[in-house]
Amino acid sequence: MAEETLKAAKIDRRTAKGTLTRCIRSLAKLIEAKRPEQEVRDGLCTCKLQLAFDTLVEKNENYSYSLKDDGESEAQEGWMGECQDIHTPQ
């Protein structure tokens, strides 16, 4: 049972990361295409970037709480740090 819960939490986390990545890529394409500012703002509201990121954080926490090994929990926090680095604008 615990293994199934852990697997489901990991899938939820992966799905949340995918949502965030798609949102960022969509906005990046609007910016690269030099679309008008209002269109970029509308795109930002449509994909709700902050909500996608907050969902990823929540799903990562749920997954991390399900882990029994402290070493593995620390590794997953490193994974979240990498996600922040990748998804933070330069």
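Just so it is clear, the structure is predicted and the values come from calculations on it, not from any experiment.

*Asks:* Requested: an account of the overall build of the chain, with residues and values cited.
*Replies:* In terms of regular secondary structure, the chain is built from four helices and zero strands. Listed by position from the N terminus, the elements making up the chain come as α-α-α-α. Out of the 90 residues belonging to the chain, those deemed buried represent 24%. Taking the contacts inside the chain whose residues are at least 6 apart along the sequence as the reference set, 63% of them involve residues at least 24 apart. For the chain, the computed accessible surface area is about 6700 Å², with 53% contributed by carbon and sulfur atoms.

*Asks:* Any chance you could break down the nonpolar core for me, citing the residues and the numbers?
*Replies:* A16, L20, A52, L56, W79, M80 and C83 together form the largest nonpolar core, which totals seven residues. Of all elements in the fold, only helix 1 (2-32), helix 3 (49-66) and helix 4 (70-87) reach the threshold of two or more residues within this core. Ignoring anything within four residues of it in the chain, the contact list for C83 reads K17 and L56.

*Asks:* Please set out the environment of L27 residue by residue, giving values where relevant.
*Replies:* Examined against the element boundaries, L27 turns out to sit in helix 1. Along the sequence, L27 and L44 sit 17 residues apart, while their C-alpha atoms lie 6.6 Å from each other.

*Asks:* Break down the environment of C23 for me, citing the residues and quoting the values.
*Replies:* By the element assignment, C23 lies in helix 1. Given a relative accessible area of 4%, C23 falls into the buried group. Separated by 24 residues in the primary sequence, C23 and C47 have C-alpha atoms spaced 5.5 Å apart. Residues in contact with C23, not counting those within four places in the same chain, are C47, K48 and L49.

Rules of the game
- Residues numbered from 1 in each chain as written.
- Predicted model: local features only at pLDDT ≥ 70, side-chain atom pairs only at ≥ 80, totals over all residues.
- Heavy atoms only, no water.
- Helix = DSSP H or I, 4+ residues; strand = E, 2+ residues; numbered from the N terminus.
- Buried < 20%, exposed > 50% of the residue type's maximum accessible area, 1.4 Å probe, protein only.
- Contact = heavy atoms within 4.5 Å.
- Areas by Shrake-Rupley, 256 points an atom, 1.4 Å probe, with all protein chains shown as cover.
- Core = buried A, V, L, I, M, F, W, Y, C linked by side-chain atoms within 4.5 Å.

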